[in-house]
Amino acid sequence: MAKTNQSDGAVTVSAESLASSARAAKAGRGLPPVEDWNPPFCGDLDMRIARDGTWYYLGTPIGRPELVRLFSTIIRRDGDDYFLVTPVEKVGITVDDAPFVAVDFDVVDGALQFTTNVGDTVVAGADAPIRVVRDPKTGEPAPYVLIRRNLEALIDRKSFYRLVDIGEVSDVAGVDWFGVRSSGQFFPIIPAAELES
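No experiment lies behind these values; they were computed from the predicted model shown.

To continue, consider the pairing of strand β13 (residues 141-148). Counting buried residues along β13, 7 of its 8 residues qualify, which places the element largely inside the surrounding structure. Sheet topology note: the strand β12 (residues 130-134)/β13 ladder contains 5 bridges and is antiparallel. The residue of β13 that forms the bridge with V132 is P143. Linking β13 back to strand β14 (residues 151-155) in an antiparallel pair, the connection comprises 2 residues, with R149 at a positive phi of about 45°.

Written out as C-alpha cells, the structure reads:
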C-alpha cells in the first residue's frame, strides 16, 4: 500500500510496499489484469530495467529473481512510458530499451518459442510478431519479439545469431528479404540484396 507523507501529503511508494500489493493482487493466479486497473499515479520510483534485462532499485541490482519476476508481472506500458501497476498504486519506472530480454528459443513444430529472462514464454506468430530495428548510424540490428500486451523483449545476441542461421529469403511486396518464419508467418530481418554486399 502507498504511504502518505504526513508533512506534505505526497504519496510515496517503496519497492517493498509495491511487492506486497503485487503479491496480494496476484494471489497464485496467472498474470494480473494490469490493463484493467486504473489506480492513482503515485509518482516515479527509482527503479530501472537495463538493456541487458537487469532490474535496479535505488541504483543497486535486485538480486532476488522471484522479486524481479513478481515486478515483471505488473509492468504496463502506456504510450512510451512504463509503470508498475497494482489495484491501489501506479508508479513510473525507467526502461532503457525493452522490459524483457529473450534469452533463448526452441523450434517446435515450425514455430519459434522464445523464453525471457523472467521465465515468460511466447510463440512468435501473428499475435507475437518479431520486428527488427536498425540503428540509422551503424546499421546494427536490434531484434524484438512481442511478449504480452504491448510489451516486447529484446532478442539477445546469441539467440539472434541462431535465428540468422535458420533464416531464409522470401518475397515481401516484390522485394526479396532475409528473415525467419514462425507459425506460418515470415518476419523480415534485412533486404536480401544487403546480404550480398
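Turning to unusual backbone geometry, a few remarks are in order. Backbone geometry places L58, a non-glycine residue, at a positive phi of 55°. For L58, the position within the fold is in the loop between β4 (55-57) and β5 (60-61). Given the relative accessible area of 55%, L58 is considered exposed. One non-glycine residue with positive phi stands out, namely A173, at about 55°. As for its placement among the helices and strands, A173 is situated in the loop between β15 (168-172) and β16 (175-182). Note on A173: relative accessible area 80%, which makes it exposed.

Each value, and the rule that gives it
Residues numbered from 1 in each chain as written. Predicted model: local features only at pLDDT ≥ 70, side-chain atom pairs only at ≥ 80, totals over all residues. Heavy atoms only, no water. Buried < 20%, exposed > 50% of the residue type's maximum accessible area, 1.4 Å probe, protein only. Helix = DSSP H or I, 4+ residues; strand = E, 2+ residues; numbered from the N terminus. Pairing = 2+ DSSP bridges.

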